[in-house]
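Descriptive analysis of the structure
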Amino acid sequence: MEKDTLYVAFSTQKGGVGKTAFTVLAASYLHYVKGYDVAVVDCDFPQYSINAMRKRDAEQIGTDEYYKRLAYEQFKALNKRAYPILCSKPENAVQTADEFLESADTKPDVVFFDLPGTVGNAGVLKSIANMDYVFTPIIADRIVLESCLSFADAVNKNLVGKDGIRLKALCLFWNKVDGREKTDLYQIFEQAINELELPLMKTFIPDTKRYNKELSGDKRAVFRSTLFPADRRLVKGSNLEELINELLETIKL
Ligand SMILES: Nc1ncnc2c1ncn2[C@@H]1O[C@H](COP(=O)(O)OP(=O)(O)OP(=O)(O)O)[C@@H](O)[C@H]1O
Ligand SMILES: [Mg+2]
């Protein structure tokens, strides 16, 4: 029997910690490398940054012979199309996905949602309650972390596992870790995370410039694209593959 489509969001209260980056990286990796079918709901109103990235990606492929060939080879081998990106107001995110599934020929295995920060936005909270899983990037900055943890704690205590709530778990993961190893500071922060009984992923993501590498005219390896997965050469040392594998275990796909 066909499995139900999972709804997954990278979400947090704060901006600039990696929601959009990981939505694209995870979607492209699962869709183009791991053999899953994916859809993305972009709720980044009004700029719709993932949808805008898809337009840039498509333009690059249209004008650059190197990427054109790469795309041709990839889609021929995969024998499927790029994943759809649906734009939606944050408060209608789930409805947008539900309607898409009703009319889709092949139901995706996962829908990723790029929701905006939650501060003062009841619509976003409603959408979060209707995810299957939420992954929350955190960074080792006391002020940012405090805000992220209070959000995560509230979601974990008030929503996860409650009657009529779809959300099964919220998992934190460290992003933008400076250096190859986590310093003592992280231990102190992790103690606070433990005390709140919040799940924390084993994998942490280093702070590295490749997280900003998009398709560009210079034909170098791409990391972030809606039409290609992160390049293997750049995935090495980024911990992206490890994060994706841990995510797949968590959502039991
Ligand atoms: N591990 C990392 N190393 C270096 N840069 C990173 C890393 N993760 C994310 N970034 C960069 O940090 C910036 C913010 O990331 P992103 O846009 O994904 O955050 P966001 O949570 O979606 O923010 P917003 O709330 O504004 O939508 C981007 O320029 C992104 O490329
Ligand atoms: Mg964003």
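Refer to the preceding data block for the structure.
Presented here is a report on the structure given in the accompanying data block. (Residues numbered from 1 in each chain as written. Chains lettered and ligands numbered in written order. Predicted model: local features only at pLDDT ≥ 70, side-chain atom pairs only at ≥ 80, totals over all residues. Heavy atoms only, no water.)

**Focus on the packing of helix 2 (residues 49–63) against helix 3 (residues 65–78)**
- Relative to each other, helix 2 and helix 3 sit at 105°, their axes nearing to 5 Å. With respect to helix 3, the axis of helix 2 lies roughly perpendicular. Counting all contacts with helix 2, which are made through Gln60, Ile61, Gly62 and Thr63, the residues of helix 3 involved are Glu65, Tyr67, Lys68 and Ala71. (Axes fitted to C-alpha atoms, helices over the stretch in contact; angles between N-to-C directions. Helix = DSSP H or I, 4+ residues; strand = E, 2+ residues; numbered from the N terminus. Parallel < 35°, antiparallel > 145°, perpendicular 65-115°, else oblique. Contact = heavy atoms within 4.5 Å.)

**Considering the nonpolar core**
- Phe22, Phe112, Phe135 and Leu240 are the most contacted members of the largest nonpolar core, which totals 46 residues.
- Per-element accounting of this core gives the leading share, eight residues, to helix 1 (residues 19–32).
- Leave out the neighbours within four places in its chain, and Phe22 touches Phe10, Ala27, Phe173, Asn175, Ile205, Tyr211, Leu240 and Leu243.
- Formed by 40 residues, the second largest nonpolar core is a distinct cluster that contains Ala9, Ala97, Leu101 and Trp174. (Core = buried A, V, L, I, M, F, W, Y, C linked by side-chain atoms within 4.5 Å. Buried < 20%, exposed > 50% of the residue type's maximum accessible area, 1.4 Å probe, protein only.)

**Remarks on the packing of helix 1 against helix 9 (residues 240–251)**
- One can describe the packing of helix 1 onto helix 9 by two numbers: an axis separation of 11 Å at closest approach and a directional angle of 80°. When the axes of helix 1 and helix 9 are compared, the pair comes out roughly perpendicular. Side by side, helix 1 and helix 9 meet where Phe22, Leu25, Ala26, Tyr29 and Leu30 of the first sit next to Leu240, Glu241, Leu243, Ile244 and Leu248 of the second.
- Here the contact of helix 1 with helix 9 is composed, by residue class, of nine nonpolar, no polar and one charged. (Nonpolar A, V, L, I, M, F, W, Y, C, P; charged D, E, K, R; others polar.)

Remember that the coordinates give geometry; whether it matters functionally is a separate question.
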